[in-house]
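# Examining the three-dimensional arrangement
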Number of protein chains: 2
Amino acid sequence: MKPRFKELEAVIDQALGNTKGTLVIKNISIFHLATGELRKGDIAVCGDRIAGVGESYDGETEIDGSGLFAVPGFIDAHVHVESSMIPPFEFERCVLPRGVTTAFCDPHELANVAGTRAIDFFLDSAKRMCMDLRVQISSCVPATPLETSGASLSVADLRRYASEMPSAGLAELMNVPGVLSKVPEVLEKIALFQGRIDGHSPMLSGKALNAYLAAGVRNCHECGSLAEAREKLAKGMQILIREGSVARNLDTLLPLITVANAPFLCFCTDDRNPLDIGGQGHLDYMIRHAIAKGADPLAVYRVACWSPARHFGLFDRGLIAPGYRADIVLLSDLENCSVAKVLKNGRVVDDALFAARGEEPDPSEFLHSVRLAKVSPEVFRIRSSSAETPVIGIRELSLITDHLTMNLPFDGKEKQGAPERDIAKVAVLERYGKNGNIGLGFVKGFGLRSGAIASSVGHDSHNICVVGVSDSDMALAVNALIESGGGFSVANNGKVVDVLPLPLGGLLSLHDFATVEQELRRIHVSVKATGCPLETPFLQLAFLPLPVIPHLRITDRGVVDVAKFDFIGV
Amino acid sequence: MKPRFKELEAVIDQALGNTKGTLVIKNISIFHLATGELRKGDIAVCGDRIAGVGESYDGETEIDGSGLFAVPGFIDAHVHVESSMIPPFEFERCVLPRGVTTAFCDPHELANVAGTRAIDFFLDSAKRMCMDLRVQISSCVPATPLETSGASLSVADLRRYASEMPSAGLAELMNVPGVLSKVPEVLEKIALFQGRIDGHSPMLSGKALNAYLAAGVRNCHECGSLAEAREKLAKGMQILIREGSVARNLDTLLPLITVANAPFLCFCTDDRNPLDIGGQGHLDYMIRHAIAKGADPLAVYRVACWSPARHFGLFDRGLIAPGYRADIVLLSDLENCSVAKVLKNGRVVDDALFAARGEEPDPSEFLHSVRLAKVSPEVFRIRSSSAETPVIGIRELSLITDHLTMNLPFDGKEKQGAPERDIAKVAVLERYGKNGNIGLGFVKGFGLRSGAIASSVGHDSHNICVVGVSDSDMALAVNALIESGGGFSVANNGKVVDVLPLPLGGLLSLHDFATVEQELRRIHVSVKATGCPLETPFLQLAFLPLPVIPHLRITDRGVVDVAKFDFIGV
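In this report, the structure presented in the accompanying data block is examined. Everything numeric in this text was worked out from a predicted model, so none of it was measured.

### Let's talk about the sheet that holds strand S11 (residues 219-220) of chain A
Residues and elements named next belong to chain A. Across the sheet, 3 strands lie side by side as S11-S12-S13; this open sheet has parallel pairing. One side of each edge strand has no neighbouring strand; the edge strands of this open sheet are S11 and strand S13 (265-268). Looking at chain direction, strand S12 (residues 238-242) and S13 are connected through 4 bridges and run parallel. Bridging from a neighbouring strand, Arg-242 pairs with Cys-268 of S13. The sheet contacts of helix H13 (residues 297-311) involve S11, S12 and S13, and relative to S13 the element is tilted by about 100°.

This is the structure:
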């Protein structure tokens with residue numbers, strides 16, 4: 001914040017009580033995160049900053065804070081807005097009223113579809129939004145050379161962003177092998193963003209972790225165990241505790257959340273779908289859940305507010321204190337994190353605030369991104385020379401997959417899935433009209449007894465992924481997405497049963513958040529009819545192609561052994 | 001740190017153990033400040049950064065760390081180098097081997113004598129030094145309009161520094177009344193340095209504190225009581241716990257030093273003289289003392305290392321961790337903070353390191369700063385119309401003075417001190433050849449029974465201050481300083497007994513640190529002969545003219561009532 005002269009005069013006068021505060025919250029219990037005290041008093045807000053706390057103030061406008069608690073705005077340390085299936089303008093209508101006043105986003109989903117145009121769309125949106133959406137620059141587009149993406153970001157692209165946006169960070173550096181093997185292009189990106197590189201290093205430890213950190217990476221949101229997190233913490237890595245829709249680490253990492261550790265922790269949602277945001281909540285859910293499970297509320301709120309502010313060098317937020325940005329969440333219950341009202345930059349968050357935003361950047365350039373001819377069932381036939389087969393084993397509510405080896409039904413030429421053993425076919429179809437690749441494999445854990453489900457969301461290249469136990473239903477599901485321009489689809493017993501259209505880049509809906517939530521609820525019911533018991537079938541499907549997460553994945557080029565970072569024959 | 005490509009390749013290789021570390025500390029107990037664990041292992045250093053910790057490494061050079069502890073380099077959050085009576089090059093020879101690898105200094109002592117030339121001298125020195133001396137830009141030169149300084153820094157001067165040095169902060173903003181009354185020049189300075197303004201606000205509280213903070217001030221090193229510190233802490237102000245030579249707040253603020261509070265605390269020395277640095281130590285003393293008094297070592301080392309790094313946005317230091325700057329202190333005793341060896345930027349601190357520095361900037365322009373004609377005893381006569389007199393009451397080891405009112409010996413025309421009641425005369429003589437002002441008053445607490453002591457160090461304008469019970473000895477002491485070009489002097493029974501010359505700006509010695517320490521020890525003995533029992537007589541004298549600290553002070557223009565920020569008749 002660089003207040004001009006007049007603003008300084010006004011804030012000093014209002015803090016002194018010489019003039020009325022622009023907005024005063026009266027008689028509220030302020031949670032002072034620096035001392036841990038809960039003290040009743042007034043908060044005087046002058047423009048976008050806090051003028052005074054604790055003393056008695058009169059305001060031009062006054063809010064009665066009786067019975068309420070004031071905490072600083074929450075900060076999501078790492079989120080892919082696209083996983084909420086709505087564009088940034090609609091995203092903030094969904095999370096800002098839940099107290100998220102700042103979020104560090106990585107637009108790499110849309111960037112894999114549309115490159116710099118996607119980054120620029122996010123940047124343009126952020127400029128006109130109410131919440132502070134900090135757009136980090138995607139580091140790995142495409143995530144790996146093992147897949148075909150819609151677009152790529154070059155070192156030159158990144159150099160431009162690094163110099164034009166000196167405070168933007170490099171978003172999750174997933175290419176760990178690239179760092180460790182000193183791939184020149186990776187090192188060039190690292191050199192551009194020294195001091196502001198976000199990490200992604202599941203299961204990395206020992207000397208390899210040292211090397212990754214020594215290269216300048218500052219945090220990780222991929223800790224799946226306490227031991228992993230503790231090693232990273234000791235080595236100075238900020239731990240971003242993630243509670244996504246699939247990858248949920250909050251319960252596992254809960255013992256980390258102490259006042260002693262709090263400065264070195266943040267919360268993040270990474271990939272959180274509309275059902276979970278609408279049902280459980282966003283960061284408010286993480287706060288509520290952590291406290292309910294026994295974590296110290298001081299530690300929890302520091303992790304949600306103060307620690308990420310300091311970790312990312314935002315010195316104007318994270319406390320309710322004079323001079324700080326007036327990002328304030330009013331709660332009716334502190335431990336339950338029940339959000340009653342939110343102030344962003346000193347303004348009450350409501351429909352009028354959203355209505356007063358500048359015009360949303362036109363997203364129409366991201367339409368028609370599914371450029372693929374319709375397919376026939378034959379493309380899903382898997383010819384082979386042996387029954388022994390590597391099978392991707394999914395784990396519910398985890399991004400990690402297992403590398404299984406199984407004998408599958410085999411007639412000497414062609415292999416089949418085995419629904420009775422919960423083994424389905426999986427395919428990834430290149431969808432940008434570049435090469436027509438189709439990667440084929442098998443997956444265990446979807447529980448399909450009939451039909452197929454397909455998605456144009458397929459991290460991170462977002463080719464079309466389909467899982468099924470019927471080649472013809474697989475073709476129907478895929479063709480439905482080609483027609484809708486992307487989204488989720490279900491086919492069963494020879495019919496397309498349901499489609500949730502995501503026509504923007506094959507990732508984002510044109511509907512509002514509440515509608516998308518309803519559509520998603522409906523299509524989940526449709527999926528259940530196939531026998532699949534998963535809570536988040538499309539997210540589990542969408543993460544199958546991500547070859548930066550152990551152990552076995554599938555891309556449009558084939559099945560990938562992540563440990564070897566290479567293809568494996570099916 | 002912006003490593004080039006080759007450096008990144010090297011650090012990755014060394015971290016992986018593929019190549020030998022440039023320097024490896026073997027088998028050392030590493031104090032991991034993020035987790036609080038003490039774990040044995042190796043530290044591999046590549047160039048100026050840490051490549052790996054915890055694992056086993058081989059090095060081109062190896063240091064046996066057996067029996068030693070490794071902690072990050074200490075950070076002094078606020079120091080006036082000039083109070084150590086030596087220039088920056090000599091200062092680091094004194095404090096860097098004690099573990100202080102980074103210090104935020106305010107060169108406002110020399111700046112009051114020589115203006116921007118002083119700031120530039122510090123900046124030029126810092127560029128060639130081994131330790132990281134962060135030169136903040138002095139905010140209040142002169143400190144107040146109530147005195148005559150040798151030079152002043154204009155808003156235009158500050159604008160130039162603010163734009164040329166985007167990471168430099170505005171040094172302690174002492175002009176609290178100027179902020180609260182919105183003096184345009186003060187607000188202009190504040191506007192230039194938003195987000196990086198260091199504070200100085202003794203006893204400020206309530207709405208006035210809110211206003212000061214709302215203007216953008218981030219910290220305070222002037223907390224004299226726990227209650228004061230707790231209010232400031234709750235209001236988001238970083239508390240810099242100070243242990244100077246006169247102002248010593250460590251014992252008072254010790255209960256603040258907990259793991260919960262640690263992120264919001266720093267240590268600083270502010271004004272620490274060679275006797276205390278040589279005798280007790282520097283930040284190492286604060287660490288040792290705090291732990292000895294019962295503070296949690298984890299909290300203490302965080303306050304000494306990590307918290308100031310984050311407070312000032314230095315994300316490359318404060319932990320012993322891969323990717324961090326290799327500022328490492330090796331201790332033979334963790335709780336006693338016994339420094340065995342120091343690494344700065346990966347290099348062992350020793351005489352060879354200092355010898356390899358670039359040439360020290362030439363300080364000769366600061367010679368001959370005492371431009372004052374010799375004085376006669378008559379200038380110290382105090383004519384008056386009543387016996388009732390405001391008297392400055394000093395408190396040992398505190399900067400605060402009391403505003404006393406006493407009846408003094410009075411013959412109807414002229415007043416005298418009263419040595420038997422410990423009341424001496426005090427005078428401040430403008431020494432820059434500008435106006436010949438002499439401010440006269442009385443002070444209680446020096447314990448002088450004969451003679452006079454004088455100093456050209458007189459915060460912050462550094463006019464000549466003299467305290468005495470004999471007008472002729474006062475003249476002798478002052479004239480001795482005019483001859484020596486500044487320093488400290490003692491006259492007793494009609495003779496100049498001792499002089500400690502400080503010819504650079506009247507503030508700094510040309511001798512090395514050890515010699516200055518000896519000279520100071522000697523002159524303290526000389527002072528004792530006058531009856532003065534104070535431990536730091538010259539520091540107590542030197543702070544008498546500082547009208548930004550309560551309650552009664554004296555400048556070359558007269559006695560100042562700080563509460564009214566105006567002169568009071570003597």
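Now that the structure has been shown, the text picks up again.
### A word on the pairing of strand S14 (residues 328-333) of chain B
All names here are of chain B. Note: strand S5 (residues 69-72) against S14, 4 bridges, orientation antiparallel. Residue pairing in the sheet places Pro-72 in a bridge with Ile-328 of S14. Connecting S14 to the next strand, strand S15 (residues 338-344), in antiparallel fashion are 4 residues, including Cys-337 with a positive phi near 45°.

### So, helix H12 (residues 283-292) of chain B
All names here are of chain B. Burial of H12 is extensive: 8 of the 10 residues sit out of reach of the surface. Every buried residue of H12 is accounted for by Leu-283, Asp-284, Tyr-285, Met-286, Ile-287, His-289, Ala-290 and Ile-291. Positive phi shows up at Gly-294, right after H12, with a value of about 110°.

### Topic: the packing of aromatic side chains
Given two aromatic rings, their pairing is described by the distance between the two centres and the angle made by the two planes. All chains considered together, the criterion is met by 14 aromatic pairs over all chains. An angle of 85° between the planes, with centres 5.8 Å apart, marks the rings of A:Phe31 and A:Tyr301 as edge-to-face. With A:Phe31 in strand S1 (residues 21-31) and A:Tyr301 in helix H13, the pair connects residues that are 270 residues apart, well separated along the chain. With relative accessibility at 0%, the residue A:Tyr301 sits in the buried group. When the ring of B:Phe488 is compared with that of B:Phe538, the centres are 4.3 Å apart and the planes differ by 5°; the resulting orientation is stacked. Of the two residues, B:Phe488 sits in strand S25 (residues 487-492) while B:Phe538 sits in helix H17 (residues 537-542), which places them 50 residues apart along the sequence. When its relative accessible area of 2% is taken as the criterion, B:Phe538 is described as buried.

### Quick look at unusual backbone geometry
Residue and element names in this part refer to chain A. A cis amide bond links His-459 with the next residue in sequence, Asp-460, at an omega value of -15°. Looking at the secondary structure, you find Asp-460 in the loop between strand S23 (452-455) and strand S24 (464-468). Between Pro-550 and the following residue, His-551, the backbone shows a cis peptide bond with an omega angle of 0°. With phi around 60°, His-368 is a residue other than glycine that occupies positive phi space. By the secondary structure assignment, His-368 is in the loop between helix H14 (351-355) and strand S17 (382-383). What makes His-368 exposed here is its relative accessible area of 65%.

Here is what the cut-offs are and how they apply
- Residues numbered from 1 in each chain as written.
- Chains lettered and ligands numbered in written order.
- Predicted model: local features only at pLDDT ≥ 70, side-chain atom pairs only at ≥ 80, totals over all residues.
- Heavy atoms only, no water.
- Pairing = 2+ DSSP bridges.
- Helix = DSSP H or I, 4+ residues; strand = E, 2+ residues; numbered from the N terminus.
- Contact = heavy atoms within 4.5 Å.
- Axes fitted to C-alpha atoms, helices over the stretch in contact; angles between N-to-C directions.
- Buried < 20%, exposed > 50% of the residue type's maximum accessible area, 1.4 Å probe, protein only.
- Phe/Tyr/Trp six-rings, centres within 6.5 Å; stacked < 30°, edge-to-face > 60°.

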